[in-house]
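Each chain, written out:
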Amino acid sequence: MIIAKSTVKELKKRLIKVASLNSALSLLEWDRDVNLPKKGVLFRGEAIQELSSIVHSSFLAINSDGLLTELKKLYDLNKIKGNDAVVVFEVWRDYQRAKKLPDEFV
């Protein structure tokens, strides 16, 4: 289905942006654990907190226009197959979990 293919492609594009932010967050956390001087811990903690919030918000924004919801409906109707179906299923599951977490917790 052409519509499903293009919407899955858009979902993947959005996921790449979130993954890039998450990669930067992981690097900050690694540096904190391995190389960070003691005087930098407070500032780094604040940076990690802010970026964690941005990653969380960015992931939730994937569905701001209903894209993920529409893909889930197509998935439920068996209109999405193969690897695309796996992507939709896994992202939907992660999205359902993430939207339950308040920003303050993240």
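The structure under discussion appears in the preceding block.
First things first, this report covers the structure right here in the doc.

**What to know about the packing of helix H2 (residues 41–60) against helix H4 (residues 82–98)**
Thought 1: The N-to-C vectors of H2 and H4 enclose an angle of 125 degrees; their axes lie 10 Å apart at closest approach. Classed by the angle they form, the pair H2 and H4 counts as oblique. H2 and H4 meet at a crossing whose hand is left-handed. Mapping the contact onto sequence places His56, Phe59 and Leu60 in H2 and Val91, Asp94, Tyr95 and Ala98 in H4.
Thought 2: Taken together, the residues that form the contact of H2 with H4 break down as five nonpolar, one polar and one charged.

**Some thoughts on H4**
Each full turn of the α-helix corresponds to 3.6 residues, which orients residues three or four apart in the same direction.
Thought 1: With 17 residues, H4 should cover 24 Å at 1.5 Å per step; its first-to-last C-alpha distance of 25 Å lies within 8% of that length.
Thought 2: Within H4, the full set of buried residues consists of Asp84, Ala85, Val88, Val91, Tyr95 and Ala98. Seen end-on, H4 carries its buried residues on one side only, within an arc spanning 165 degrees. In H4, those exposed residues whose orientation departs by more than 90 degrees from the buried face are Asn83 and Arg97.

**Some details on the packing of helix H3 (residues 67–76) against H4**
Thought 1: Across the interface, H3 lies against H4 with an axial gap of 10 Å and an inter-helix angle of 125 degrees. Considering their axes alone, H3 and H4 lie oblique with respect to each other. The handedness of the crossing between H3 and H4 comes out as left-handed. Between H3 and H4, the residues in contact are Leu68, Thr69, Leu71, Lys72 and Tyr75 and Ala85, Val88, Phe89, Val91, Trp92 and Tyr95, respectively.
Thought 2: Residues that form the contact of H3 with H4 fall into these classes: nine nonpolar, one polar and one charged.

Rules of the game
- Residues numbered from 1 in each chain as written.
- Predicted model: local features only at pLDDT ≥ 70, side-chain atom pairs only at ≥ 80, totals over all residues.
- Heavy atoms only, no water.
- Axes fitted to C-alpha atoms, helices over the stretch in contact; angles between N-to-C directions.
- Helix = DSSP H or I, 4+ residues; strand = E, 2+ residues; numbered from the N terminus.
- Parallel < 35°, antiparallel > 145°, perpendicular 65-115°, else oblique.
- Left-handed = near helix turned anticlockwise from the far one by under 90°.
- Contact = heavy atoms within 4.5 Å.
- Nonpolar A, V, L, I, M, F, W, Y, C, P; charged D, E, K, R; others polar.
- Expected span 1.5 Å × (residues − 1).
- Buried < 20%, exposed > 50% of the residue type's maximum accessible area, 1.4 Å probe, protein only.
- Arc of directions from axis to C-beta.

All we've got here are geometric facts, nothing functional implied.
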